[in-house]
Amino acid sequence: MGKIDKLKERFLSKPKDFSWGELSRLLGDLGYRETQSGKTSGSRVKFIHDDFAPISLHKPHPKPVLKSYQLTQILAALKDRGQL
């Protein structure tokens, strides 16, 4: 089992300490690219994919750990798209 497979498995278990960096790696492997909407976007970030609607999130701060509702929303979106 490769690193990305382990990361997917970890994501699917919805851990309480899943980080922004881990999410970026996971979505990057699924074909998404991270972008911010201009200078005043602040912590608003979009993950863009050529074939699907963007995933919009607020980047967590000061700690880089995602909230459980964010994991649930991302997981639902990826399952609906057939990516997980």
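Attention here is on the structure that accompanies the text. (Residues numbered from 1 in each chain as written. Predicted model: local features only at pLDDT ≥ 70, side-chain atom pairs only at ≥ 80, totals over all residues. Heavy atoms only, no water.)

### Description of the sheet that holds strand β3 (residues 55-58)
Taken together, the three strands give an open sheet; going across it, the order is β1-β2-β3, and neighbouring strands pair in antiparallel fashion. For this open sheet the edge positions go to β1 (33-36) and β3, each flanked by a neighbour on one side alone. Neighbour-to-neighbour, the strand axes of this sheet turn through a mean angle of 30 degrees, independent of strand direction. Pairing geometry for strand β2 (residues 44-48) and β3, over four bridges, is antiparallel. The residue of β3 that forms the bridge with Lys 46 is Ser 56. (Pairing = 2+ DSSP bridges. Helix = DSSP H or I, 4+ residues; strand = E, 2+ residues; numbered from the N terminus. Axes fitted to C-alpha atoms, helices over the stretch in contact; angles between N-to-C directions.)

### Re the packing of aromatic side chains
Scanning the entire structure with this criterion turns up two aromatic pairs. Aromatic pair Phe 11 and Phe 18: ring centres 5.4 Å apart, planes at 55 degrees, arrangement tilted. According to the relative accessible area criterion, Phe 11 is buried, its value standing at 0%. (Phe/Tyr/Trp six-rings, centres within 6.5 Å; stacked < 30°, edge-to-face > 60°. Buried < 20%, exposed > 50% of the residue type's maximum accessible area, 1.4 Å probe, protein only.)

### As for the nonpolar core
Ranked by internal contacts, the top residues of the largest apolar core, which has 18 residues, are Phe 11, Leu 23, Leu 27, Phe 47, Ile 55 and Leu 78. Every element with two or more residues in this core is listed here: α1 (3-12), α2 (20-29), β2, β3 and α3 (68-80). For Phe 47, the contacting residues outside a window of four places in its chain are Trp 20, Leu 23, Ser 24, Leu 27, Tyr 32, Arg 33, Glu 34, Pro 54, Ile 55 and Leu 57. (Core = buried A, V, L, I, M, F, W, Y, C linked by side-chain atoms within 4.5 Å. Contact = heavy atoms within 4.5 Å.)

### Observations concerning the pattern of salt bridges
Following the criterion strictly, the structure yields three salt bridges and no others. The partner of Glu 22 in a salt bridge is Arg 10, with the nearest N and O atoms 2.8 Å apart. Placement of the pair is Glu 22 in helix α2 and Arg 10 in helix α1, with a sequence separation of 12 residues. A residue is classified by how much of its surface remains accessible, and Glu 22, at 12% relative accessible area, is buried. Given a relative accessible area of 27%, Arg 10 falls into the partly exposed group. (Salt bridge = Lys/Arg side-chain N within 4 Å of Asp/Glu carboxyl O.)

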